[in-house]
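Listed below are the residues making up each chain.
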Amino acid sequence: MRMRTIFKAHAGLDECLIGLRVDGAGSVWDSFSGAHHLLEHLLSKKIDSAVGALGGRHDAFTYREYQTHTLAVPYDRIGEALAAVSAAVGSLCNAGWTEEDQAQAIRAMQQERLVHERNPHERLMETLDAATLCEAYARPTSLIDPPPLLERTFLADLARAAFCADRVTMVYMASNQSMLQRARDGLSFPVTIDASPLAYP
C-alpha cells in the first residue's frame, strides 16, 4: 500500500515544495485530548534538524481533522529530505524518543497555548469557526490542554494508526515539468509506511 502522491508545476519556484497531510487525525485521537498535537511536536523535532542540515525548511500544523507538514528543499536534496522524513516517521512509530523529548514537546505545546490565548486574532478565528462550522471548533487543537506523559508504546500505537499509508497524501510542487521529474527521481526509495504490527524495544 503506497501513500497518494501528487506532482504539480508552479512557475517561479527556486526550490521544491513538499506537503504531507495526514487525514482523519481526530478520529484516531478523540479520546486523548492533544495527543495528535504531541505527535506533531515529536515528529517536527526530528524533521527540523534533518531538513535544516540540507538547506531546507520545515513547518507543521495540527487541527482536528488533519495534520500537515510542509518542506521547502533544494532540488538536488529532494531524495535526502524525503529519506529524512521517512526515517522520522519510522522512528515515531517505533517509540524512538525519550521521556525528556516528550516532556520538552509538552512544554512547547503549553507555550503555544499561552501565545494563542493572548492573541485577539486567534480568539476571533476560534469564534468564527464555532459559529460557521460547529461548536466542536470552539477550542482549536492548539488550545486544548496538552496530555500528561504517555506510555511510549501506547503513543507509538497512535502514531502508527495515524501515519498508515491510506491516510497520507504528499504533494510536490516545482517550477516546471523538468524539475518535477527531478522530484520523481528523488523517490527512488520506498515511501510507504507499513501499518503491520511492530515489536517495541
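Our structure's up above, just so we're on the same page.
Report on the accompanying structure. (Residues numbered from 1 in each chain as written. Predicted model: local features only at pLDDT ≥ 70, side-chain atom pairs only at ≥ 80, totals over all residues. Heavy atoms only, no water.)

With respect to the element layout, arginine 160 can be found in helix H6 (residues 152-162). Classification of arginine 160 as buried rests on a relative accessible area of 12%. A polar contact is formed between the side chain of arginine 160 and the side chain of aspartate 157, at a distance of 3.3 Å. (Helix = DSSP H or I, 4+ residues; strand = E, 2+ residues; numbered from the N terminus. Buried < 20%, exposed > 50% of the residue type's maximum accessible area, 1.4 Å probe, protein only. Polar contact = N/O pair within 3.5 Å; in protein donor to acceptor, adjacent residues only side chain to side chain.)

Packing of helix H2 (residues 35-53) against helix H3 (residues 78-93) brings their axes to within 9 Å, and their N-to-C directions diverge by 145°. Considering how the two elements wind past one another, H2 and H3 form a crossing that is right-handed. Contacts between H2 and H3 involve Leu39, Leu42, Leu43, Lys46, Ile47 and Ala50 on the former and, on the latter, Ala84, Val85, Ala88, Val89, Ser91 and Leu92. Its residues assigned to classes, the contact of H2 with H3 shows 10 nonpolar, 1 polar and 1 charged. (Axes fitted to C-alpha atoms, helices over the stretch in contact; angles between N-to-C directions. Left-handed = near helix turned anticlockwise from the far one by under 90°. Contact = heavy atoms within 4.5 Å. Nonpolar A, V, L, I, M, F, W, Y, C, P; charged D, E, K, R; others polar.)

Pairing is mixed across the open sheet formed by 5 strands, whose spatial order is E1-E5-E2-E4-E3. At either margin of the open sheet sits one strand with a lone partner, and together these are strand E1 (4-9) and strand E3 (57-62). On average, each strand axis in the sheet is tilted by 15° relative to the strand beside it, whichever way the strands run. Here strand E2 (residues 16-23) pairs with strand E5 (residues 168-174) via 6 bridges, running antiparallel. Bridge pairing in E5 links glycine 19 to valine 171. (Pairing = 2+ DSSP bridges.)

Following the criterion strictly, the structure yields 1 aromatic pair and no others. Consider the rings of phenylalanine 7 and tyrosine 172, whose centres lie 4.9 Å apart with planes at 15°: the pair is stacked. Highlighted residues: phenylalanine 7 in strand E1 and tyrosine 172 in strand E5, separated in sequence by 165 residues. With a relative accessible area of 23%, phenylalanine 7 lands in the partly exposed category. (Phe/Tyr/Trp six-rings, centres within 6.5 Å; stacked < 30°, edge-to-face > 60°.)

A separate point is the nonpolar core. Judged by nonpolar contacts, the single largest core of 41 residues is most densely connected at Ile18, Leu38, Val73, Leu92, Leu155 and Phe163. Of all elements in the fold, only E2, H2, strand E4 (66-73), H3, helix H4 (99-117), H6 and E5 reach the threshold of two or more residues within this core. For this core, the leading source of residues is H3, giving 8 residues. Non-local contacts of isoleucine 18, meaning those with residues more than four positions away in its chain, are made with His69, Thr70, Leu71, Val73, Ile78, Leu82, Met170, Val171 and Tyr172. (Core = buried A, V, L, I, M, F, W, Y, C linked by side-chain atoms within 4.5 Å.)

Where H2 contacts H4, the axes come no closer than 9 Å and their chain directions differ by 115°. In this structure, H2 crosses over H4, and the sense of that crossing is right-handed. Residues His37, Leu38, His41, Leu42 and Lys45 of H2 form the contact with H4, whose own contacting residues are Asp101, Gln102, Gln104, Ala105, Ile106, Ala108, Met109 and Glu112. Along the lines of polarity and charge, the residues of the contact of H2 with H4 split into 6 nonpolar, 4 polar and 3 charged.

Together, Leu124, Met125 and Leu128 give the surface a local cluster of nonpolar side chains, amounting to about 250 Å² of exposed area. Along the chain, leucine 124 turns up in helix H5 (residues 120-132). (Patch = residues over 30% accessible without salt bridge, like charges linked within 9 Å, V, L, I, M, F, W, Y side chains within 5 Å. Areas by Shrake-Rupley, 256 points an atom, 1.4 Å probe, with all protein chains shown as cover. Salt bridge = Lys/Arg side-chain N within 4 Å of Asp/Glu carboxyl O.)

Below, the discussion takes up the pairing of E4. For E4, the tally of buried residues reaches 6 of 8 residues, placing the bulk of the element in the interior. By the bridge criterion, 8 bridges tie E2 to E4 in an arrangement that is antiparallel. Within the sheet, the bridge partner assigned to cysteine 16 lies in E4 and is valine 73.

Our focus in this paragraph is the pattern of salt bridges. Opposite charge on two side chains permits pairing when their charged atoms draw close. Following the criterion strictly, the structure yields 6 salt bridges and no others. A salt bridge links lysine 45 to aspartate 101, with the nearest nitrogen and oxygen atoms 2.8 Å apart. Within this pair, whereas lysine 45 is found in helix H2, its partner aspartate 101 is found in helix H4, the two being separated by 56 residues in sequence. A relative accessible area of 18% places aspartate 101 in the buried class. Measuring nitrogen to oxygen at the nearest pair gives 2.8 Å for the salt bridge that ties arginine 107 to glutamate 100. Residue arginine 107 is classed as partly exposed on the basis of its relative accessible area of 44%. Take glutamate 100: its relative accessible area is 40%, and that puts it in the partly exposed class.

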